[in-house]
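# Remarks on the overall topology
Residue strings, one per chain:
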Amino acid sequence: MYYLGLLIEYLKNYMKTRLTYRADFWVEVISDLLFQATNFIFILVIFMHTDSLGGWNQNEVVFVYGFFMVPFGVFSCFVNMWGFSERYIVKGEMDRILTRPAHNLFQIFLENVDPPSLFGSFIGLIVMAISGSNLGLPFEWWTLPMLILLTLSAVAIYTGIYTTLTSLSFYSDAPTGILPLMYNIQTYGRYPVTIYNRAIQVLLTWIIPFAFVGIYPAALFLHRDEMRTMALLTPLVGAVFLSIGLMAWSFGVKRYKGAGS
Amino acid sequence: MLGAYFDFIRIRFLTMLAYRVNYYSGILIYTLNIGVNYFTWRAIYGDGESLGGFTGAQMTTYVAVSWMARAFYFNNLDREISTDIRDGSIAIQFIRPYNYVLVKMMQGLGEGLFRFMMLMIPGMVIAILLFPVQLPTEPSAWAGFLVMLFFSFLISSQINIITGLSAFFVENNEGMMRMKRVVVDLFSGLIVPITLFPDWLSSVLKVLPFQAITYLPGSVFTGRVQGVGIWNVLGIQVIWFLILLIPIVWLNHAARQRLFVQGG
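Below you will find a few notes about this structure. (Residues numbered from 1 in each chain as written. Chains lettered and ligands numbered in written order. Predicted model: local features only at pLDDT ≥ 70, side-chain atom pairs only at ≥ 80, totals over all residues. Heavy atoms only, no water.)

## Overview of the overall build of chain A
Looking only at helices and strands, chain A features twelve helices and zero strands. Along chain A, from the amino end to the carboxyl end, the secondary structure elements read α-α-α-α-α-α-α-α-α-α-α-α. Radius of gyration (C-alpha) of chain A: 19 Å, near the 18 Å computed for a compact globule of 261 residues. Along the longest, intermediate and shortest principal axes, the C-alpha atoms of chain A span 60 × 40 × 35 Å. In chain A, which comprises 261 residues, the share counted as buried stands at 53%. Summed over its atoms, the accessible surface of chain A is roughly 11800 Å², and 69% of this surface lies on carbon and sulfur atoms. Computed over 15 positive and 15 negative side-chain charges, the separation of the two mean positions in chain A equals 8 Å. (Helix = DSSP H or I, 4+ residues; strand = E, 2+ residues; numbered from the N terminus. Rg over C-alpha atoms; globule rule 2.2 N^0.38 Å. Buried < 20%, exposed > 50% of the residue type's maximum accessible area, 1.4 Å probe, protein only. Areas by Shrake-Rupley, 256 points an atom, 1.4 Å probe, with all protein chains shown as cover. Lys, Arg positive; Asp, Glu negative; His and termini not counted. Charge placed at Lys NZ, Arg CZ, Asp CG, Glu CD.)

Structure below.
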């Protein structure tokens, strides 16, 4: 309850700062959508030259992309760790966070909430609806609850991975350059992982499990039975990676000594 | 005076060297990028022989060379500049007796040289070992490629500088920076070679500067463009380098009139 109150306060605060830079809000929404559009162009270009990508047709790949956008939007809204090490460690703001009563990671999430990202989730749902109806996908009783469950699990996976990577900045002095590079890799989880060779499949499934935020859960709605087991594993993978992330974080915080002025 | 600028290259190179551990992970991640793109293209080719004028072997080489070129020319000058603008430290930099934009360019070059040695060369070696990459054998192709690579760096950095300086006009240019990043990756031909785009789009892209960053040098290096065509490619790169100087000079000038410090 206390945390919910904090969330509302921070959102109010966010609105106030945002109203100062009003035009900027729309610039961000539009740039977000353009970012998604460029990925979309890639899929469309691919299917101008081929009918199937590893046995998946255009509508299916577009549907997977639509699903991918939903958890990614939610994740970008609530968990934004971009620039953590510069802002909190190099400039010493972590000290301020640690002297406050609420959980430190939660505060960092709150200070970086980014509601415009949710537009992406919204567009993702529309993309799913359009390509789903092109494919004639049935709307089952479990579709909606599963969508919510799998979205939350995917958000947990993202949060786990990025929290783990961010907590590395407690151990090394260098501003970590891994995060931006990861942003490239996560998009590969949208494509049918079966086209990759074994090593990359294992990597995208078990080590940095980005296949679980795109292709596997989406396969459930597409009734691709070969991936059903993997789709149902998503919540478990989410729980495991979120725990790893939180553990890495709390070890890191214990090691934190404070820097900056 | 010029010596001072060279020092900026040297200092940035040494700074990067202090953080070199980051780049070991960078090599792995770039190799993974090449791998994923390689397998995606193989799935797209299926049994087909050629796609948009690229044979399968040329595509493999193109993917590897493009990603490795990115390992060299990529930098965060846009972010550095907009941070300077937002925290107000640009005011100090403007009154110092040097040209701010030129200094940023030199720092970018220092970073580029570091990335060339620590990321591009080792990454290239790994990519050659893992994937069927066919590199040209004539020394002239290599010499030409290095010159074009340098222009890729110049043009990409110029675009970064323009994006960074735009923070003077839109107070928060986070969105623009993100957009620039994706647009450059997609429209420079890194993710999809430009010949594969639909005709209307590729004809638009032919009059934009992005193709000069990745697509044109990559085409030369995979042997799709030969002979006189190589000079054309170089000519296009030089022209874009010169054209992009205009908005930079203008922005730099306009920024001095507009400067208002938001904090710091």
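## Overview of the packing of helix α8 (residues 143-167) of chain A against helix α9 (residues 178-186) of chain A
All names here are of chain A. Between α8 and α9, whose axes approach to 10 Å, the crossing angle comes to 155 degrees. The angle between α8 and α9 falls in the class roughly antiparallel. Considering only the axes of α8 and α9, their crossing is right-handed. Along the contact surface, α8 presents Tyr158, Tyr162, Leu165 and Thr166, while α9 presents Ile178, Leu179, Met182, Tyr183 and Gln186. Residue composition of the contact of α8 with α9, by class: seven nonpolar, two polar and no charged. (Axes fitted to C-alpha atoms, helices over the stretch in contact; angles between N-to-C directions. Parallel < 35°, antiparallel > 145°, perpendicular 65-115°, else oblique. Left-handed = near helix turned anticlockwise from the far one by under 90°. Contact = heavy atoms within 4.5 Å. Nonpolar A, V, L, I, M, F, W, Y, C, P; charged D, E, K, R; others polar.)

## Observations concerning the environment of Ala156(A)
Residues and elements named next belong to chain A. By the secondary structure assignment, Ala156 is in helix α8. The exposure class of Ala156 is buried, given its relative accessible area of 13%. Aside from chain neighbours lying at most four places away, what touches Ala156 is Gly238 and Leu242.

## Points about the nonpolar core
Residues Met94(A), Tyr196(A), Leu204(A), Phe210(A), Trp249(A), Trp41(B) and Phe197(B) are the most contacted members of the largest nonpolar core, which totals 160 residues. Ranked by the residues each element gives to this core, the list is headed by helix α2 (residues 21-45) of chain B, at twelve residues. Contacts of Trp41(B), omitting those with residues within four sequence positions, involve Phe42(A), Leu51(B), Met59(B), Val63(B), Ile191(B), Val192(B), Pro193(B) and Leu196(B). (Core = buried A, V, L, I, M, F, W, Y, C linked by side-chain atoms within 4.5 Å.)

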